[in-house]
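# Descriptive structure summary
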Amino acid sequence: RNGAIMVSNTTGSKLTTSLTGRYVTLSYVSYPNRGIANIRKNGALFATVDTYGAFGLRTKTWDLGSIQTATFAVEVSGAKNIASSGTYITPDRFEATSVAPGGVEAENTDYVTQSPPWAAEPGAVYSGGGALVSNTTNSTLSVNLFGRYISVAYSAHPNRGIARVYRDGILLSPTIDMYAPTFQMKRTTIDLGAPLQGKIEIKVSGTKNPASTGYYLVVDRVDAWDSSPQSASFPILNTCSFDSVPPRVVAPAALQVAADCSRTPDGQTGAASPAIAAFLAGGSATDDCGAPTRLAPQVNGVDVSNATVFVEGSTGVTFRWRDAQGNIGSTTSSLRVFLKGDIEQNGNVNLFDSYRYNCILDSSCVTVQGIALTAADFNANGVIDTADRTQFQAIWNTHQCAE
């Protein structure tokens, strides 16, 4: 929850801490390659936890029956669920409290009031499989809780803003700056000074860290404790090491270019057309866990480049980006290569196009627009005139770009 965790698959390796409380909670990251953890209390086996599952932050709480001081350890057992592909254990933190932790998921509409409504933010990294998001100034999440310590779990990100927290309308300190340079799961705890019952409100302040690009708040859950939680985190590996979300890709706008009539078959390449070269190098991508890497664009699963000949007609080009964990995001745009002189747009330059030229010049045809106009306007002056017909005639006579 502090943005970093430890991981091991070495049988017998363990992390140990001493805590005081009645209720002991282990937070851990589940994943398809996770194994079974041994939980030891004062050296003796106390419980086991199967950490296999979809990627997400999970918790397990034990009631000791009374307030105790004890040494707790999480240990790699070397055993695993039959469905798991590994025996890795990834503990996040231990917590101990004198009373059972109480709290709610932000998206639990039975207890949490949204004003105005917040948007859902699904994700296995969140404790209940999702969170709530808003960047509307003064939009609020409200919940009634009892406890001295109020704890807000949230995801930090480069586009996050600052949250204000209130109890019964009174602003509490500190405010919560949800900005971080990379995506992280975090938690901030506020001491009310005494156990109190009241309405807790989390509000979009409309302010932000100077380094942030936005004002978004993403709230996972809100918890309350009657006593201060003792805890021990295990920081080594960044949460993004378990990123399973592909980059978000934006493709370049669709492109139309004229064929190079000297080629067989008729077509065009990025080497000969700066517009195609810019198209193939275009697009962009963003990712929560750093800058993704551009991959070669593809057509039907095959890499293409400036040497690729794009034949007459429309071709779907897929633009791809890969993040640090190997997740690939993609989206598609279209590249259309047309024949100069093909006014009929049937893939041929023939007698029918010649007839069409004549009637256009005689003003007896309807106005030609779009790609047909581009195909007919050889000198690119926006109109079809006798100079265009001269060039069309040369193509037709030599059958270049004609079938």
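Residues numbered from 1 in each chain as written. Predicted model: local features only at pLDDT ≥ 70, side-chain atom pairs only at ≥ 80, totals over all residues. Heavy atoms only, no water.

### Thoughts on the overall build of the chain
- In terms of helices and strands, the chain carries 4 helices and 28 strands.
- Here the analysis covers contacts within the chain between residues at least 6 apart in sequence; of these, 74% occur between residues at least 24 apart.
- For the chain, the exposed area adds up to about 18000 Å²; of that, 51% sits on carbon and sulfur atoms. (Helix = DSSP H or I, 4+ residues; strand = E, 2+ residues; numbered from the N terminus. Contact = heavy atoms within 4.5 Å. Areas by Shrake-Rupley, 256 points an atom, 1.4 Å probe, with all protein chains shown as cover.)

### Focus: the pattern of salt bridges
- Applying the stated criterion across every chain, the model contains 10 salt bridges.
- In this structure, R221 engages D223 in a salt bridge whose closest nitrogen and oxygen atoms are separated by 2.6 Å.
- Owing to a relative accessible area of 17%, R221 belongs among the buried residues under this scheme.
- Three or more residues joined by partner-sharing salt bridges are found here, namely E105, R187, R221 and D223. (Salt bridge = Lys/Arg side-chain N within 4 Å of Asp/Glu carboxyl O. Buried < 20%, exposed > 50% of the residue type's maximum accessible area, 1.4 Å probe, protein only.)

### Details of the packing of aromatic side chains
- Per the counting criterion, the structure on display carries 4 aromatic pairs.
- Between F46 and F72 the ring centres are 6.4 Å apart and the planes differ by 80 degrees, which places this aromatic pair in the edge-to-face class. Here F46, found in strand β4 (residues 44–50), pairs with F72, found in strand β5 (residues 56–76); they are 26 residues apart in sequence, far enough to count as distant.
- Between F279 and F319, the aromatic rings sit 5.4 Å apart at their centres with planes inclined by 85 degrees, giving edge-to-face as the arrangement. Taken as a pair, F279 in helix α1 (residues 274–280) and F319 in strand β27 (residues 313–322) lie far apart in primary sequence, 40 residues in all. (Phe/Tyr/Trp six-rings, centres within 6.5 Å; stacked < 30°, edge-to-face > 60°.)

### A closer look at unusual backbone geometry
- Following S115, the chain continues to P116 via a peptide bond in cis, the omega torsion being -10 degrees.
- For P116, the position within the fold is in the loop between β8 (113–115) and β9 (119–122).
- S173 connects to P174 through a cis peptide bond whose omega is 5 degrees.
- Note on placement: P174 falls in the loop between β13 (170–171) and β14 (176–177).
- Although it is not a glycine, N138 sits at a positive phi angle of roughly 75 degrees.

### Focus: the pairing of strand β3 (residues 36–41)
- Of the strand pairs in this sheet, β3 and β4 are connected by 6 bridges, and their pairing is antiparallel. Within β4, the residue paired with K41 across the bridge is A44.
- In textbook terms, the turn of a hairpin is the stretch between consecutive antiparallel strands, and for β3 and β4 this stretch comprises 2 residues, one of which, N42, has a positive phi near 50 degrees. (Pairing = 2+ DSSP bridges.)

### Overview of the side chain of D323
- Structurally, D323 is set in the loop between β27 and β28 (328–338).
- Put simply, D323 is tucked away with no salt bridge, and the nearest opposite charge, on R322, sits 7.0 Å away.
- Among the polar contacts listed, one links the side chain of D323 to the backbone nitrogen of N327, at a separation of 2.9 Å. (Lys, Arg positive; Asp, Glu negative; His and termini not counted. Polar contact = N/O pair within 3.5 Å; in protein donor to acceptor, adjacent residues only side chain to side chain.)

### Regarding the nonpolar core
- In terms of nonpolar packing, the biggest core is built from 27 residues, with W118, L141, V143, I176, M178, V219 and V222 touching the most fellow members.
- Of all the secondary structure elements, the ones that give two or more residues to this core are β11 (140–156), β12 (162–167), β15 (184–204) and β16 (217–225).
- Element by element, the count of residues in this core is highest for β11, at 7 residues.
- Leave out the neighbours within four places in its chain, and V219 touches A106, W118, A131, L132, L141, V152, A153, Y154, M178 and I202. (Core = buried A, V, L, I, M, F, W, Y, C linked by side-chain atoms within 4.5 Å.)

### Regarding the confidence of the model for the chain
- Residue-level pLDDT values for the chain average 81, and 74% of them are 70 or greater.
- Scored below 50 in pLDDT, residues 233–239 shows 32 contacts in the model against residues more than four places distant or in partner chains. (pLDDT = per-residue confidence, 0-100.)

### Regarding the pairing of β27
- Two elements, strand β23 (residues 293–294) and β27, share 2 bridges in a ladder whose sense is antiparallel. In the sheet register, T293 faces β27, and the bridge partner there is R322.
- As consecutive antiparallel partners, β27 and β28 are separated by 5 residues, and within that stretch G326 has a phi angle of approximately 90 degrees, a positive value.

### A few points about the environment of T69
- Note on placement: T69 falls in strand β5.
- Spatially, the C-alpha atoms of T69 and T20 are 4.2 Å apart, while their sequence positions differ by 49 residues.
- Aside from chain neighbours lying at most four places away, what touches T69 is S18, L19 and T20.
- Within the structure, the side chain of T69 is placed 2.7 Å from the side chain of T20, a separation counted as a polar contact.

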